[in-house]
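Each chain, written out:
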Amino acid sequence: MCYNHEEEWRREADNLTPPPPSAAARSAALLRVRLAETELRLEQARAREAELSRQLFEMKRFVSVMEILESYLKRRFREQQHLLSRQISSLPHS
């Protein structure tokens, strides 16, 4: 009689444990994990792209300012050069 009770308890315990996942369920779980990883990498790539775009914009703005400065300095140099040549030409020759 004791044996039958142990057998019943064993069967009840077996019924409480979930059946092992099927191949389809394992594949689905694996695909969900891979999808989550891919979405994370995509999010990171988008963040990196946004940061690089911001840096590119800043660099373009910097180059633009440098070009304006270069243009100004060239103009001032030519003006100073012209002024100096006028002053030299107005000096009496000895």
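Refer to the preceding data block for the structure.
Below, the structure is looked at part by part.

Procedures and definitions
- Residues numbered from 1 in each chain as written.
- Predicted model: local features only at pLDDT ≥ 70, side-chain atom pairs only at ≥ 80, totals over all residues.
- Heavy atoms only, no water.
- Helix = DSSP H or I, 4+ residues; strand = E, 2+ residues; numbered from the N terminus.
- Buried < 20%, exposed > 50% of the residue type's maximum accessible area, 1.4 Å probe, protein only.
- Areas by Shrake-Rupley, 256 points an atom, 1.4 Å probe, with all protein chains shown as cover.
- Patch = residues over 30% accessible without salt bridge, like charges linked within 9 Å, V, L, I, M, F, W, Y side chains within 5 Å.
- Salt bridge = Lys/Arg side-chain N within 4 Å of Asp/Glu carboxyl O.

Structural notes on the overall build of the protein chain
- In terms of helices and strands, the protein chain carries two helices and zero strands.
- Residues classed as buried in the protein chain amount to 0% of the 94 residues present.
- Carbon and sulfur atoms form 62% of the exposed surface of the protein chain, whose accessible area is close to 9300 Å².

Remarks on a nonpolar patch on the surface
- Residues Phe 62, Val 63, Val 65, Met 66, Leu 69, Tyr 72 and Leu 73 make up a contiguous nonpolar surface patch of about 630 Å² in total accessible area.
- For Leu 73, the position within the fold is in helix 2 (residues 23–90).
- The exposure class assigned to Leu 73 is partly exposed, which follows from its relative accessible area of 49%.

Here we look at the pattern of salt bridges
- In this structure the tally under the stated criterion is five salt bridges.
- The salt bridge involving Glu 58 is made with Arg 61; its shortest N-O contact spans 3.1 Å. Residue Glu 58 and its partner Arg 61 are both found in helix 2; the two are separated by three residues, about one turn of the helix.
- On the basis of relative accessibility, which here comes to 31%, the residue Glu 58 falls in the partly exposed class.
- Exposure remark for Arg 61: the relative accessible area of 46% places this residue in the partly exposed category.
- Taking the shortest distance from any N to any O, the salt bridge between Arg 76 and Glu 79 comes out at 3.2 Å. Of the two residues, Arg 76 and Glu 79 both sit in helix 2, three residues apart, roughly one turn of that helix.
- Of the residues examined, Arg 76 reaches a relative accessible area of 33% and is grouped as partly exposed.

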